[in-house]
Amino acid sequence: MALKKRTIRTIPQERTPVEELDPAERATNFLEVNCGYKLEEALRESERCLMCADEPCVRGCPVSIDIPSFIKKIGEKNFHGAYDVITNTNLLPAVCGRVCPQENQCEGVCTVADSLEPVAIGRLERFVGDMAIREGWSNIPYIEPSGFKVGIVGSGPAGMACAADMAKAGCDVTVYEAFHEAGGVLKYGIPDFRLPNSTVDAELAKLIELGIKFECNTLVGRLFTIEEMIQEMGFHAVFIGTGAGYPSFMGIPGESLNGVLSANELLTRCNLMHGRDPEHYDTPLPPSKNVAVIGAGNTAMDALRVSLRLGAGNVHCIYRRSHAEAPARAEEIHHAEEEGIQFHWLTNPVEILDDGKNNVRGMRCIRMELGEPDESGRRRPVVVPGSEFEFEADLVVYAIGTNANPILGQTSGLKLNKWGYIATDENLATSIAGVFAGGDIVTGAATVIEAMGAGRKAARGMKAWLGLRDTEESCLGEPAPFEDRLLGLDPAEHDFALVRLPRSAASSSNAS
Amino acid sequence: MAMPGTGSNYEILTREDFSDVTYLLEVRHPRMARAAKPGQFVIVMSHAEGERIPLTIADFDRDKGTITLVIQAVGKTTREMQRDCLAGTHLHALVGPMGIPSHIGEAKKVLCVGGGLGVAPVFPQARGFKEAGAYVIGVVGFRNRDLVFWEDKFGAVCDELIVCTDDGSAGVKGNVTEGMRQAIEKHPDIDECIAIGPPVMMKFAAETTRPHGIKTMVSLNPVMVDGTGMCGGCRVKLDSGIKFACVDGPDFNGHEVDFDDLMSRLGRYREVEQKATARFEESCHMREEFVAASAQEASKD
Ligand SMILES: Cc1cc2nc3c(=O)[nH]c(=O)nc-3n(C[C@H](O)[C@H](O)[C@H](O)COP(=O)(O)OP(=O)(O)OC[C@H]3O[C@@H](n4cnc5c(N)ncnc54)[C@H](O)[C@@H]3O)c2cc1C
Ligand SMILES: Cc1cc2nc3c(=O)[nH]c(=O)nc-3n(C[C@H](O)[C@H](O)[C@H](O)COP(=O)(O)OP(=O)(O)OC[C@H]3O[C@@H](n4cnc5c(N)ncnc54)[C@H](O)[C@@H]3O)c2cc1C
Ligand code: SF4
Ligand code: FES
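Just so it is clear, the structure is predicted and the values come from calculations on it, not from any experiment.

### A look at the overall build of chain B
Right, so step 1: A count of helical and extended segments in chain B gives nine helices and 17 strands.
Right, so step 2: Taking 301 residues into account, the globule formula puts the C-alpha radius of gyration at 19 Å, and chain B, at 20 Å, falls close to it.
Right, so step 3: In chain B, which comprises 301 residues, the share counted as buried stands at 57%.
Right, so step 4: Pairs at least 24 apart in sequence give 66% of the contacts found in chain B among residues at least 6 apart.
Right, so step 5: Carbon and sulfur atoms make up 50% of the accessible area of chain B, which amounts to about 12,700 Å² in all.
Right, so step 6: In chain B, 34 side chains carry a positive charge and 43 a negative one; their mean positions are 4 Å apart.

Dropping the structure here:
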C-alpha cells in the first residue's frame, strides 16, 4: 500500500479525545476513569503520526519502543503486529499505556507537538495492550530449557520484567513476594480507577504461562537470605527488585497523632486489603471528612482521589512548590482538579493540630514563594513571612517520598550506596557475584517503565553472566514470508530456542 | 484470579486453649521453623478477606517443622480465629519471620518478664539466654490463677521463676513490677532485663529498672500492615527519633521508648474495630440462635 506522505497539515489536527467517566459520578466509585480508545478512535489517532525518520519519540521512551512502527501497524489494522512490536521492548503495554508519564517521555518530544497536541502514544499503547488481554494474545515462544535456575525477589514491574526475560531464555524462574499477592505497587499502590487490578492479574497470568512460579508470603532476607539462595538453594542467579519503601515524614509537631499516616498505608489498606469494602473485608480505614495530603506526585494524587472516593467532603493537596513543579502525571492532576480536589500550591505544613484527644483537628500551613533555582533546576520555595494560616482536617496523609527499604541491607553482605539503596555497576550487577538488582531499590522511587527497563537490563546482564545467548528480540517487526522460512522458523529471529510451552501445561497453569 | 502461593499452605497442626480468651496454634512451616529466631514475629491472614495481623513467634520446632503462636482474642480478627482456626484447618497467609531477632548477648544474669500473654513471646528469649549460659530469672504476671499458662514450660528455662497475680490467687500478689522489685533486690547484679506484655506493663517495667540502670529491652506491638517497612503504620517514637517497629524492631531499649505515644496510636482504628467486633458478635449471636433454633426444630421431629 503506497502511503501518501503525511504532513502536519494533512493529519487530523485535533488529538482524538478519549471517553472519561463524569467527574461528579466517578468521584464516588473506583471504576476506571479513562475508558480507553475504541477501534475507530485508535485508527483515527494513528493517522496523526508523521512517521518521522529521526524518531524523536523512540529516543524519548525509556525502553525505546519502536513507536512509529507500532502506530503504523495500528493504521494497517494489524493489531497483533502492533502488539508484537511493543512487546519486543515493553512487557506491560496495558500497564504502561495507563501509568507512564508520557508528557515527559515520548509525547513530550513528539514532532507533532511542535505545532499541535502530540500523538496520543500512551492511549494507543493501552489500546493495543487491552486488545491483547481481551483476545488472549501472548507471545509465548518455544523455550528450550537452559538448565539455569533464577530467583527473583519482589514481584513489581522490575521483577516481572526480569522474570519474563529469563524465562524466555529457558531458565527455571521463581519469583518471591513478601505480600500475599504479586504485583508490587501496581497492586497495592495504584488504585483501580487508574489501573484495575484485573489488568495487573492478566499480565501476571501471562508470566505464569511462561512457566514462571510465584511464591507469595515470602520475605527474602528473613526467611532465607540472598546468600543462601546462591549457596544452598541452587539459584544460579538472583535479581532483586524489592522497590522503595520506608515512607518519609517531616518531623513537624503533631505527626504521631491518630489520623496521620503515609499514603502507602492508606493505599494499601484501601487497594490490596480492600478496606474500601468494609462489608466484605476486615481491614479498617480511618474515617475522615476533611483530608489533607502533603505532596504532589503520583502517590499524592492517588491518596487524594482515594480519599474523595472513600467519602471525604473536602480533600486538600498541600505542596510547597507550584503547579509547574508537581511531579505527578499531568493527566492525574487534571483528573484530580476535575473531581474537586482543592490544590494549595506554594504551601508548606508547619504543624498538625490536636483536638486534645490525640486526634487531628486541623493543620497549620505557611505560604511559600519561588526563589532561586536549586541544584535540580527547580526554583527553590522560600517562606513568605507572616503568612501562616489554619484549616480544618481530620486526616493528614504524607506522600513526600520514601527512603530505602533496609531489610536486604540488614540481612546480606550487599553493598549499599550512601542513601542505603543497593549499589550496582552499569549492568546492574551488585557486589555479590550472580546477584543483580534494579528498579526503585536501586534508583529510589521512579516510574513503572524505568523499573521494567531496569528488570530487562538486569536480565541482559544476567544472561551474559550465565553465558546465555541474548534472546531479547523474540519477534522482529515483519515475520518472514513462508518461502524464506527454514523448517517453519523465521531465520531473522535472533534466537531459535524460542519458547512454545506445551499448550496443555500452559492452560492448566492458567487455570490455577 | 487467585495468585499461587497463597491459601491453604499453612496447616494448623495443634490447637490448645489456655483460657476462654487465650489460645495456641502450632502451624506447619518447615522453612520458617528453620529460620526463626527469638524476638521475631509473623503476619497472618486467616482468610482471604481478613486483616493482616502481627503475632510473635512464641516457639519453633525445627524437627517438627512448626512454629507456635499464642493469641489473645481481643477483637474481630483474633476472636474469629479463636472460633475458626482449629487443628486441621489452614491459614490463608503466613509470612515471616519478621523483625530483627533479639540480641542474645553476653549478659550473665537476665531478668525475663512476661505480662499476661507476653509470657509467650518472652519464652524464646529466656530459652536463648539459658542456652547461652546465662542465669535466668523469670517473672510472669497474670490477672488471676485461671489465666496462668506455660508455668512449667517457662520454669524449665529459668533458674528462678516468680509468678505474680493481681488478686494473689497464685504466687506473689501484685503485678509484675512487684516480682521485678523482689528479683532486683535479691540479685543486684542483673545485667539485662527483657520485658514483654501490654504497653502499660512495659512502661512500668522500664520505670522499675531505670533507677537501677539495668538495660531493659521491650518488644513493641504497634498496628502493622505489611511488616516490610513499606507503610510506616508501625512507627514508634524513641528518644532518638521515629523508628518502624517491623524492620527496625520490634525490640527497642525500653528506657528510650515513648509509651504514651504507642498507647495512643494503638487506638487509632478503635472506632472502626469496635464496629467490626460488634458486627462479628452479632453474626455469631445470630449463628448461635440459628443453631439453637435448628436444634429445637430437629428435636421436635
Ligand atoms: C501510589 C503510587 C503511584 C504511582 N504511580 C505511578 C504512575 O502513575 N506512573 C509511574 O510510572 N509510576 C508510578 N509510581 C511508581 C512506580 O509504581 C514504581 O516506580 C515501580 O512500581 C517500582 O517498581 P519495582 O519493581 O522497583 O518495585 P515495587 O513495585 O515496589 O515492587 C516491589 C515488590 O517487592 C516486594 N518486596 C519488598 N521487599 C521484599 C523482600 N524482602 N522479599 C520479598 N519481596 C519483597 C514488595 O512487597 C513489592 O511487591 C507510583 C508509585 C506509587 C507508590
Ligand atoms: C510485633 C507484634 C507482635 C504481636 N504478637 C502478638 C501475640 O503473640 N499474640 C497476640 O495475641 N497478639 C499479638 N500482637 C497484637 C495483635 O496483632 C493484635 O491483638 C491483633 O492485631 C488484634 O486484631 P483484632 O482484629 O482481633 O482486634 P482489633 O479489634 O482490631 O483491635 C483490638 C486492639 O488490638 C490492637 N490492635 C489492632 N490491630 C492491631 C495490629 N495490626 N497490630 C497490633 N495491635 C493491633 C489495638 O490496640 C486495638 O485496640 C502483636 C502485635 C505486634 C505488632
Ligand atoms: S515523534 Fe510523534 S509523529 Fe513522529 S514518529 Fe513519533 S509519534 Fe509519530
Ligand atoms: S508495618 Fe508497614 S512499615 Fe511496618
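There is more to say after this.
### So, unusual backbone geometry
Right, so step 1: In this structure, Pro97 of chain B follows Gly96 of chain B across a cis peptide bond, with omega equal to -5°.
Right, so step 2: In this chain, Gly249 of chain B is followed by Pro250 of chain B through a cis amide linkage whose omega measures 10°.
Right, so step 3: By secondary structure assignment, the location of Pro250 of chain B is in the loop between helix H7 (245-248) and strand S17 (251-253).
Right, so step 4: One non-glycine residue, His274 of chain A, lies in positive phi territory at about 60°.
Right, so step 5: On the basis of relative accessibility, which here comes to 23%, the residue His274 of chain A falls in the partly exposed class.

### Describing helix H3 (residues 119-131) of chain B
Each full turn of the α-helix corresponds to 3.6 residues, which orients residues three or four apart in the same direction.
Residue and element names in this part refer to chain B.
Right, so step 1: Between the first and last C-alpha of H3 there are 18 Å, a value that for 13 residues agrees with the 18 Å anticipated at 1.5 Å per step.
Right, so step 2: Counting buried residues in H3 gives eleven out of 13 residues, a clear majority hidden from the surface.
Right, so step 3: Of all the residues in H3, the buried ones are Val119, Ala120, Pro121, Val122, Phe123, Pro124, Gln125, Ala126, Arg127, Gly128 and Phe129.
Right, so step 4: Backbone geometry just after H3 places Gly133 at a positive phi near 95°.

### With respect to the site of ligand 1
All names here are of chain A.
Right, so step 1: Near ligand 1 lie 35 residues; those nearest to it are Val99, Ala158, Glu177, Arg194 and Asp440.
Right, so step 2: Contact between ligand 1 and Arg194: an oxygen atom at 2.8 Å from a side-chain N or O atom of the residue.
Right, so step 3: In this structure, a nitrogen atom belonging to ligand 1 sits 2.9 Å away from a main-chain N or O atom of Val220.
Right, so step 4: For ligand 1, whose accessible area on its own is 1,000 Å², the fraction buried by protein is 96%.
Right, so step 5: For the shell around ligand 1, the secondary structure elements donating two or more residues are helix H8 (157-168), helix H12 (263-270), helix H13 (298-309) and helix H17 (448-466).

### Regarding the interface of chain B and chain A
Right, so step 1: The interface is formed by 53 residues belonging to chain B together with 52 residues belonging to chain A.
Right, so step 2: Both faces considered, chain B and chain A share a buried interface measuring about 4,300 Å² in area, 56% of it formed by carbon and sulfur atoms.
Right, so step 3: Close ionic contact of Lys76 of chain B with Asp282 of chain A constitutes a salt bridge, the shortest N to O distance being 2.7 Å.
Right, so step 4: Counting every contact that joins chain B to chain A gives 17 residue pairs in polar contact (both at pLDDT 80 or more).
Right, so step 5: For the side of chain B that touches chain A, the secondary structure elements donating two or more residues are helix H1 (30-35), helix H2 (76-84), strand S8 (93-98), strand S15 (235-238), strand S16 (241-244), H7, helix H8 (259-266) and helix H9 (270-300) of chain B.
Right, so step 6: Residue composition of the side of chain B that touches chain A, by class: 24 nonpolar, 14 polar and 15 charged.

### What to know about the domain arrangement of chain B
Right, so step 1: By domain assignment, chain B separates into domain 1 (10-98), domain 2 (109-266) and domain 3 (269-301).
Right, so step 2: Here the C-alpha centre of domain 3 of chain B lies 37 Å away from the C-alpha centre of domain 2 of chain B.

### Comments concerning the packing of helix H6 (residues 199-209) of chain B against H8 of chain B
Residues and elements named next belong to chain B.
Right, so step 1: Relative to each other, H6 and H8 sit at 180°, their axes nearing to 10 Å. Here H8 runs roughly antiparallel to H6, going by the angle between their axes. Contacts from Pro199, Val200, Met202, Lys203 and Ala206 of H6 reach H8 at Phe259, Asp260, Leu262, Met263 and Leu266.

### Focus: the confidence of the model for chain A
Right, so step 1: When pLDDT is averaged across chain A, the result is 85; 90% of the residues are at 70 or more.
Right, so step 2: Counting contacts from residues 494-512 of chain A, a segment whose pLDDT is below 50, to residues more than four positions away or on other chains yields 42 contacts.

### Considering the site of ligand 3
All names here are of chain A.
Right, so step 1: Lining the immediate surroundings of ligand 3 are Cys49, Leu50, Cys52, Pro56, Cys57, Ile67, Pro68, Cys110, Thr111, Val112 and Ile121.
Right, so step 2: Elements supplying a minimum of two residues to the shell around ligand 3: helix H3 (56-60) and helix H4 (67-75).
Right, so step 3: Taken together, the residues of the shell around ligand 3 sort by class into ten nonpolar, one polar and no charged.

### Considering the packing of aromatic side chains
Right, so step 1: Applying the stated criterion across every chain, the model contains 17 aromatic pairs over all chains.
Right, so step 2: When the centroid spacing of 6.1 Å and the interplanar angle of 85° are considered together, the rings of Tyr176 of chain A and Phe235 of chain A count as edge-to-face. In this pair, Tyr176 of chain A is assigned in strand S2 (residues 172-176) and Phe235 of chain A in the loop between helix H11 (226-231) and strand S4 (237-240), connecting sequence segments 59 residues apart. Phe235 of chain A carries the same exposure label as Tyr176 of chain A, and that label is buried.
Right, so step 3: An angle of 85° between the planes, with centres 6.1 Å apart, marks the rings of Tyr319 of chain A and Trp345 of chain A as edge-to-face. In this pair, Tyr319 of chain A sits in the loop between strand S8 (314-318) and helix H14 (330-339) while Trp345 of chain A sits in the loop between strand S9 (342-344) and strand S10 (347-354), placing the two residues 26 residues apart along the sequence.
Right, so step 4: A network of ring pairs unites the aromatic residues Phe18, Phe123, Phe142, Phe149, Trp150 and Phe154 of chain B as a single cluster.
Right, so step 5: Its guanidinium or amino end placed over the ring of Tyr135 of chain B, Lys109 of chain B lies 5.1 Å from that ring's centre, counting from NZ or CZ.
Right, so step 6: The side chain of Lys153 of chain B reaches across the aromatic face of Trp150 of chain B, ending 4.4 Å from its centre.

### As for the environment of Val383 of chain A
Residue and element names in this part refer to chain A.
Right, so step 1: Mapped onto the elements, Val383 comes out in strand S12 (residues 379-383).
Right, so step 2: Judged by relative accessible area, which is 45%, Val383 ranks as partly exposed.
Right, so step 3: Between the C-alpha atoms of Val383 and Gly311, which are 72 residues apart in sequence, the distance is 33 Å.
Right, so step 4: If near-sequence neighbours (up to four positions away) are discounted, Val383 is found in contact with Ile366, Arg367 and Met368.

### Let's talk about the side chain of Thr78 of chain B
Residue and element names in this part refer to chain B.
Right, so step 1: Within the fold, Thr78 resides in helix H2.
Right, so step 2: Within the local environment of Thr78, its side chain forms a polar contact with the backbone nitrogen of Gly75, the two atoms lying 3.1 Å apart.
Right, so step 3: Leaving out residues up to four positions away in the same chain, Thr78 has contacts with Tyr23, Ile53, Ile71, Gln72 and Ala73.

Rules behind the numbers
Every chain is numbered on its own, with residues counted from 1 as its sequence reads. Just so you know, chain letters begin at A and ligand numbers begin at 1, following the order they were written in. With pLDDT at 70 or above as the cut-off, local features in this predicted model cover only qualifying residues; side-chain atom pairs require 80 or more to be listed or tallied, and sums for whole chains, interfaces and linings still use all residues. Only hydrogens and water are removed before side-chain values are computed, so all heavy atoms of the structure are retained for them. Counting from the N terminus, the helices are the DSSP runs of H or I reaching at least four residues and the strands are the DSSP runs of E reaching at least two. The globule rule is 2.2 Å times the number of residues to the power 0.38, and the radius of gyration it is compared with is taken over C-alpha atoms. Each residue is placed in one exposure class: buried if its accessible area under a 1.4 Å probe, protein chains only, is under 20% of its type's maximum, exposed if it is over 50%, and partly exposed if it falls in between. When checking whether two residues touch, look at their non-hydrogen atoms; a contact exists if any pair is within 4.5 Å. In short, Shrake-Rupley with a 1.4 Å probe defines the accessible areas, and a residue's cover is counted only from the protein chains shown. As used throughout, the charge tally considers Lys and Arg to be positive and Asp and Glu to be negative, leaving His and the chain termini uncounted. All charge positions are set by atom: Lys at NZ, Arg at CZ, Asp at CG, Glu at CD. A helix is expected to span 1.5 Å multiplied by its residue count minus one. One heavy atom within 4 Å of a molecule or strand is enough for the residue carrying it to be called near that molecule or strand. Pairs of N or O atoms within 3.5 Å make up the polar contacts considered here, provided that, within protein, one atom can donate a hydrogen while the other can accept it, and that residues adjacent in sequence are counted only when both atoms are side-chain atoms. Note on terms: buried area is the combined drop in 1.4 Å-probe accessible area of two parts once they are placed together, counting the loss on both. Salt bridges are counted wherever a side-chain nitrogen of Lys or Arg sits within 4 Å of a carboxyl oxygen of Asp or Glu. Residue polarity is assigned by list, with Asp, Glu, Lys and Arg as charged and Ala, Val, Leu, Ile, Met, Phe, Trp, Tyr, Cys and Pro as nonpolar; anything else, Gly included, falls into the polar class. Either an automatic procedure or a domain database provided the assignment from which the domain bounds are taken. Axis definition: a line fitted to C-alpha atoms, limited for helices to the stretch in contact. Angles are taken between N-to-C directions and run from 0 to 180 degrees. For classification purposes, an angle smaller than 35 degrees is called roughly parallel, one larger than 145 roughly antiparallel, one from 65 to 115 roughly perpendicular, and anything else oblique. The predictor reports its confidence for every residue as pLDDT, a score running from 0 up to 100. When the centres of two rings from Phe, Tyr and Trp lie within 6.5 Å, Trp using its six-membered ring, the rings pair. Their planes under 30 degrees apart give stacked, over 60 give edge-to-face, and anything left gives tilted. When the NZ atom of lysine or the CZ atom of arginine is within 6 Å of a ring's centre and also within 35 degrees of its normal, the charge is said to sit over that ring.

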